[in-house]
Amino acid sequence: MSNVKWLLFRFKKHWVLLLLALLGSLFESVGVAGVSLLVKRLVDGVFLMKSFWKLVQTVGYLYLLVLLGQLGNFMVSYFTGLMAEREVREIREQAFEKLMGSHYLYVKGISIGDVLTRLLSDLRLYRDLVGSYAVKLFRDPFTVILLLAVLFYRDWRLTLLLALFLPVMFFSIRYFGGKKDKHTKKLQEDTADAASGIKESLRGVETIKAFMAEKVMIGWFQQQSRKLYERSIKLVLYSSWNTVFNYLFGYTVVSLLIFYGGYMVVKGYMTPGDFISYLTALVMLQKPLMEVQKGFTEVRGSISVVSRLREVLNLPQERDEGYLFRGLKEEIRIEDLRVKLGDEDILRHITLRIKAGQKVGIIGSTGSGKSTFLRTLAGFVPYMGKILLDGVDLSLFKPSSFRSNIGFLTQESFVLSGSVRDNLLIAKRDATEEEMWRALRMALCDFVTDLDEKVGEGGRDLSGGEKQRLALARLFLKEPSIIFLDEPTSALDTVTEQQVLKNILMAFPKATVFMVAHRPSSLSICDRVLVMEDGQIVFDGDVTSALNFFTSRR
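Now for a description of the structure that goes with this document. (Residues numbered from 1 in each chain as written. Predicted model: local features only at pLDDT ≥ 70, side-chain atom pairs only at ≥ 80, totals over all residues. Heavy atoms only, no water.)

**Describing the pairing of strand β6 (residues 406–410)**
What counts is decided by this rule: Summary of the burial criterion: residues with accessible area below 20% of their type's maximum are buried, those above 50% are exposed, and those between are partly exposed, where the area comes from a 1.4 Å probe applied to protein chains only. The helix count covers DSSP runs of H or I at least four residues long, the strand count covers runs of E at least two residues long, and both are numbered beginning at the N terminus. Only when DSSP finds a minimum of two bridges between them are two strands counted as paired.
Of all 5 residues making up β6, 4 are buried, and the element is well covered by its neighbours. In the sheet, β6 pairs with strand β9 (residues 482–486) via 5 bridges, with the strands oriented parallel. By the bridge assignment for β9, Gly407 is matched with Ile483.

**Comments concerning helix α1 (residues 2–12)**
Under the convention used in this document: By construction, the arc corresponds to the directions joining the helix axis to the C-beta atoms.
Among the residues of α1, Asn3, Trp6, Leu7, Arg10 and Phe11 are the ones counted as buried. Seen from one end, α1 has its buried residues packed into an arc of 140 degrees, which puts them on one side. Exposed and oriented more than 90 degrees from the buried face of α1 are Lys5, Leu8, Phe9 and Lys12.

**Re the pairing of strand β1 (residues 331–341)**
Judged from the 8 bridges that link them, β1 and strand β2 (residues 344–355) form a sheet pairing that is antiparallel. Opposite Ile332, over in β2, you have Ile354 as the bridge partner.

**Notes on the sheet that holds strand β11 (residues 528–533)**
The criterion, for reference: To get an axis, fit a line to the C-alpha atoms, keeping to the stretch in contact for a helix; angles then go from 0 to 180 degrees between the N-to-C directions.
Across the sheet, which stays open at both edges, the 6 strands sit in the order β6-β9-β10-β3-β11-β12 with mixed pairing between neighbours. On the outer flanks of this sheet lie β6 and β12 (536–541), each paired with one strand and no other. The sheet shows a mean angle of 15 degrees between the axes of neighbouring strands, direction not considered. Examined bridge by bridge, strand β3 (residues 359–364) and strand β10 (residues 512–516) share 4 bridges and lie parallel to one another. Directly across from Val360, in β10, lies its bridge partner Phe514.

Without other data, these values stay purely geometric and don't point to any function.
This is how it looks when you write it as structure tokens:
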């Protein structure tokens, strides 16, 4: 019920379009009902009385009613379609905005396939729900009501008999709608799993081929494909049975009423014109009545899509409030820092002081907590304890203010599909071409010849080193007070790496730098190195001493 209320609330903002569509529905209904009323005039006044003038009038009225009905049909189709497209656009943009504004840990924890399914596949179903299924409940009830009025006008006793069949229609809505809702939800979930698997397979194609695992992946995909096929077939099965049931039920009712009406004409209780008018209205009633029933079934079967979209639209957002961070002036003081993700202790009881301007290296074995420590200091991971920047805890700063004064780079270089210019403007929206070329030179992006040259999806047309250098170029478009580097030069050769690091020192001599490194050469700019082990800092000293200590622990 909450999903229905949510839909009605969404529809309120489109009240002008809905009003125009409602008017069109009324025009269409009057046109259809009017045709059924004209049939009596055609049979009794034209065919039996043989009046040519009434024939001319009747044909003229008929044409006007058809024009009115088609005008209404256009208004309903166009304005509801326009509303549906606006809804899809708004939700798509709102959902992406919510994703971008949600907490780092949530974004990192969700399935890419699930997000793609919700933003693409679920939205297509939502468009059908709003622009097609709901229209049946918007357009056809008016036609049903007016045609029922014609039936009551012609023979109210006969029409009351139709009410005996309503429970069967309600049973059909409940049964087929429930089945469709169940299998639609499962189909969307299976589609998300398949999308994630396809993306992962394409990303790891070298590994798959190196281990000759093509058949394993093909087998996995065939299994996923079979699941999608089985879900889809069940939806097709229930949709087909629903249609067959509707037609059989409808024509059964019509057959019984034809028999009864024919008996009334034979006995003289009803004129042929009355009966044929009644029969025309009844036949015309069948299609909109079935469309209303089908609309209820489809809406009930698709309502789970609304729940999935609402989950994205209701994502908790980061609160951008607090003190303004104007750069680090004195020191960072860390007191009893702890990070727990789930049941696992990632960082444990870290206490540390770093003077402003120090260049701090961080080394340690895989899984020792280096990257989590870096992301915690950068404000992405919630923590216990204190991280004091010039005496103010990190959690008290306004996130946007803090992030505007830091630089953050990882070895997983983010490269946007678009142009080189697009990728650089991420860092500084108003950067001049001169600033961008300077940044490219500082990052040694000698492979770039034009700011508008295209970069493929994920930088697929660039080498690993080129992607890292393009990502590094963004750093030189900022003026960070603190720089966080998580192996951003891991794909570069030693000579290129050293030059890039020297350029960072030259461009930001007063910046405080934290750099996670695996290669000793990466520590050349550091005047202090931390060794991490099992979520703790077990050594703090100069580069040579730290490397000796780390080597001795392995």
